[in-house]
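This is what each chain is made of:
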Amino acid sequence: MSERKPIAGVTKEKTEKLIKETLAEMPAKAAKKRAPHLGANEPSASPCAVKSNKKVVPGVMSQRGCAYAGAKGVVWGPIRDMVHVSHGPIGCGVYSWGTRRNLMQGIPGVTSFPMDFTSDFQERDIVYGGDKKLEKLLQEADELFPLNKGMSILSECPVGLIGDDINAVAKKMEAELGKLVVPCNCEGFRGVSQSLGHHISNDSIRDHIIGKFAFPDPVGPYDVALIGDYNIGGDVWAAKPILEEIGLNVKSVWTGDGEVEKIGATHQVKLNLIHCYRSMNYMCKVMEEKWNIPWLEYNFFGPTKIEESLRAIAERFDDTIKANVEKVIAKYKPVMQTVLDEYKPRLEGKTAMLFVGGLRPRHTIGAYEDLGIQITGAGYEFAHQDDYDRTAPEMARGTLIYDDVSEFELEKFVEELKPDLVGSGIKEKYVFQKAGIPFRQMHSWDYSGPYHGYEGFKVFARDVDMAINSPTWKLVKSPF
Ligand code: SF4
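Position numbers for residues start from 1 in each chain and track the written sequence from start to end. Where local features are concerned, this predicted model is filtered to residues with pLDDT of at least 70; where side-chain atom pairs are given and counted, the filter is 80 or more; whole-chain, interface and lining totals use all residues. To obtain the side-chain values, all non-hydrogen atoms of the structure were included, while hydrogens and water were left out.

A. Focus on the sheet that holds strand β3 (residues 117-118). Overall, parallel pairing links the four strands, which are arranged β3-β2-β4-β5 in an open sheet. Edge positions in the sheet fall to β3 and β5 (180-184), since each has one partner strand and no second. Here strand β2 (residues 83-87) pairs with β3 via two bridges, running parallel. Counted as the bridge partner of S86 is T118 from β3. By the convention used here, strands pair only if DSSP detects at least 2 bridges between them. The helix and strand labels rest on DSSP assignments: H or I over at least four residues marks a helix, E over at least two residues marks a strand, and numbering proceeds from the N terminus.

Structure (structure tokens):
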């Protein structure tokens, strides 16, 4: 990969000075702990020098969530034909209800369940334990929603602290109901972020689902699974047709708009295609070890990365697929050129800063660059070293990298680097808009999307242009 062209005004020295000045304004103890998590990018450095996956420094206003969010919100919640029980007090289930835009097919409440099922713990459940209540709840849920294909139990904080045994309850109820009942010990106090919730969920898929089912149709040479696409704003529905157009047979999707029995039959596919490495690499590795299924990371953000990915996918198959890939690339080239002709002249030379979860800060860079936008700073809430190693070569020398950035740090960095766009989450959006800086939500796609695939890039380009070139930004300062 060739190194990114330098960005005007961005140098290693300037970035390091900015980090130093920012840390100097913090209490000494916090500054010391935060220092290893901030750095100036060195594209060829491996490992990337920025430290990650460590505990939050108390009181700094981290933007992280918890393991329950990583498990229920990210991995389990999108499986459309299961009832997902938020087990514990009312808060976590309600706050996470319908807020992540993992769209799903089906009839809500009948064949799909984008709802909040909760055991709504009271004090007596803390005192006497919640296992009995959980049994009753699972029974009731199965009676009231008989078309569910299984249930998951997602533990919230108290469950693990009071010594409940959801694993025993799940085993008992699975036998009694004759249905999948999957326990997931994803209490929010475990780990340091959403990330451990992904891992715990992957492990519960390993222990309770994978290998238990078979695809109804015969196994073929072009069978693949889409791993780590959560169908935000319809991303899966924009990505899957491309793979089908090149002749692949997408047998299951993990987990956006996913169906549990297909997920459980994924050990029969020929190749796992993984979009979100952070949240699903664990199960790809399990399937590789146990069933010898290779896996390949790909990136469907923006035409350049889509082309690269399609060619890399083709390399794993025969000449038929290779020829199809070239046909598909040729077919969409003029379509993408129309998009670029319209938006690139309006965006060329702009800069953006990104702060998202565990994948997008690196994965969306290509799509911004297709539009002529350079990334001056990027960081993750809960990435690990292997994610940062994949990020360094995607960014120009001297750009700013921040791990688990605090609200104070991010504000300082944005104030100094003055990007034309910030792409981050809902907790950041209004802060930067009030400062007169265009903002796009890079988790929820700002209620837009899809952004994956060729269809997605059309929407992405329009949205980024709409944000940056909105006339609103000229009206932030009063004329008086
Ligand atoms: S940290 Fe605990 S209480 Fe908070 S959302 Fe996560 S599981 Fe719920």
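Structure shown, so let's carry the discussion forward.
B. Quick peek at the UniProt feature "domain: Nitrogenase/oxidoreductase component" (unreviewed entry) in the protein chain. UniProt positions are given in the numbering used here, feature names are shortened, and annotations may be inferred rather than shown by experiment. As recorded in UniProt, the feature "domain: Nitrogenase/oxidoreductase component" (unreviewed entry) lies at residues 66-468. As annotated, residues 66-468 comprises 48% helix and 16% strand, and the C-alpha atoms at either end are separated by 32 Å.

C. Structural context of the packing of aromatic side chains. Stacked, edge-to-face and tilted are the three classes for Phe, Tyr and Trp ring pairs, Trp counted by its six-membered ring, which pair at centre distances within 6.5 Å; planes under 30 degrees apart are stacked, over 60 edge-to-face, the rest tilted. Within this structure, the stated rule accounts for 16 aromatic pairs. Their ring planes at 80° and their centres at 5.9 Å tell us that F301 and W445 sit as a pair that is edge-to-face. Of this pair, F301 sits in the loop between β9 (295-297) and α13 (303-314) while W445 sits in the loop between β14 (439-441) and α20 (453-468), and the two are 144 residues apart along the sequence. Ring centres of Y368 and F460 lie 5.0 Å apart, and the angle between their planes is 75°; this geometry places the pair in the edge-to-face category. With a gap of 92 residues between them, Y368 in helix α16 (residues 365-370) and F460 in helix α20 connect regions that are remote in the sequence.

D. Focus on the packing of helix α1 (residues 12-24) against helix α18 (residues 407-417). Lines fitted to C-alpha atoms define the axes here, with helix axes fitted over just the stretch in contact, and angles between the N-to-C directions of these axes take values from 0 to 180 degrees. Between α1 and α18, whose axes approach to 10 Å, the crossing angle comes to 140°. One finds that α1 runs oblique with respect to α18. Handedness of the crossing formed by α1 with α18: right-handed. Of the residues in α18, those in contact with L18, I19 and T22 of α1 are F408, E409, K412, F413, E416 and L417. Any angle between 65 and 115 degrees counts as roughly perpendicular, while under 35 counts as roughly parallel, over 145 as roughly antiparallel, and the rest as oblique. It is the rotation of the near helix from the far one that decides the hand of a crossing: anticlockwise by less than a right angle makes it left-handed, clockwise makes it right-handed. Only heavy atoms enter the contact rule, under which two residues are in contact if any of them lie within 4.5 Å.

E. Spotlight on the site of the ligand. Here a residue counts as near a molecule or strand whenever at least one of its heavy atoms sits within 4 Å of it. The immediate surroundings of the ligand are formed by C66, Y68, C92, E156, C157 and G188. Three classes are used, and their members are as follows: Ala, Val, Leu, Ile, Met, Phe, Trp, Tyr, Cys and Pro are nonpolar, Asp, Glu, Lys and Arg are charged, and the others, Gly among them, are polar. Across the shell around the ligand, the residue classes tally to four nonpolar, one polar and one charged.

F. Summary view of the pattern of salt bridges. The salt bridge criterion pairs a side-chain nitrogen of Lys or Arg with a carboxyl oxygen of Asp or Glu, the two atoms within 4 Å. By the definition in use, this model includes 38 salt bridges. A salt bridge links D223 to K251; the nearest nitrogen and oxygen atoms lie 3.6 Å apart. Of this pair, D223 sits in strand β6 (residues 223-229) while K251 is found in strand β7 (residues 249-255), placing the two residues 28 residues apart along the sequence. Think of it in three bands: with a 1.4 Å probe and only protein chains considered, a residue is buried below 20% of the maximum accessible area for its type, exposed above 50%, and partly exposed in between. Judged by its relative accessible area of 2%, D223 falls in the buried class. Relative accessible area serves as the criterion here: at 6%, K251 is assigned to the buried category. One salt bridge in this structure joins K240 and E244, with 3.8 Å as the shortest N-O distance. Of this pair, K240 and E244 both sit in helix α10 (residues 235-245), four residues apart, which is roughly one turn of that helix. Beyond isolated ion pairs, a larger network of salt bridges with shared partners links R4, K305, E308, E369 and E394.

G. The side chain of E307, seen in detail. Among the secondary structure elements, E307 is positioned in helix α13. Those residues in contact with E307 that lie beyond four places of it in its chain are I329, K333 and Y454.

H. Expanded view of the domain arrangement of the protein chain. Domain boundaries assigned for the protein chain yield domain 1 (12-62 + 340-474), domain 2 (67-209) and domain 3 (223-331). Inter-centroid distance (C-alpha atoms) of domain 1 to domain 3 is 27 Å. With 29 residues of domain 1 at the contact, the number on the domain 3 side is 27 residues. In total, domain 1 and domain 3 occlude about 2200 Å² of area from one another, counting both sides; carbon and sulfur atoms represent 58% of this. Two parts lose some accessible area (1.4 Å probe) when they are put together, and adding that loss for both gives the buried area. When the area that domain 1 buries against domain 3 is broken down by residue, the three leading residues are H363, H452 and Y454, summing to 35%. The interface formed by domain 1 and domain 3 contains four salt bridges. Between E394 and K305 there is a salt bridge, with the nearest N and O atoms lying 3.3 Å from each other. Polar contact is the term for a pair of N or O atoms within 3.5 Å; when the atoms are in protein, one must be able to donate a hydrogen and the other to accept it, and sequence-neighboring residues count only if both atoms are side-chain atoms. Taken together, domain 1 and domain 3 are joined by 15 residue pairs in polar contact (both at pLDDT 80 or more). Of all the secondary structure elements, the ones that give two or more residues to the side of domain 1 that touches domain 3 are α15 (360-363), α16, α17 (385-391) and α20. The greatest single-element share of the side of domain 1 that touches domain 3, amounting to five residues, is contributed by α20. Looking at the side of domain 1 that touches domain 3, its residues break down into nine nonpolar, twelve polar and eight charged. For the purposes of this description, domain bounds are those given by an automatic or database domain assignment.

I. Focus on the nonpolar core. Definition of nonpolar core: a set of buried residues of the types Ala, Val, Leu, Ile, Met, Phe, Trp, Tyr and Cys, connected through side-chain atoms within 4.5 Å. Among the nonpolar cores identified, the biggest contains 97 residues, and W76 and L310 are the most heavily contacted of them. No other element matches the ten residues that helix α14 (residues 319-347) contributes to this core. If you look at the next biggest cluster of nonpolar residues, it comprises 21 residues, including L23, Y402, V405 and V422.

J. Here's a closer look at the environment of Y277. By secondary structure assignment, the location of Y277 is in helix α12 (residues 277-291). Take Y277: its relative accessible area is 4%, and that puts it in the buried class. Sequence spacing of Y277 and A238 is 39 residues, and the spatial spacing of their C-alpha atoms is 19 Å. Excluding its chain neighbours within four sequence positions, the residues that come into contact with Y277 are K285, W295, E297, L359, R362, D386, D387 and R390.

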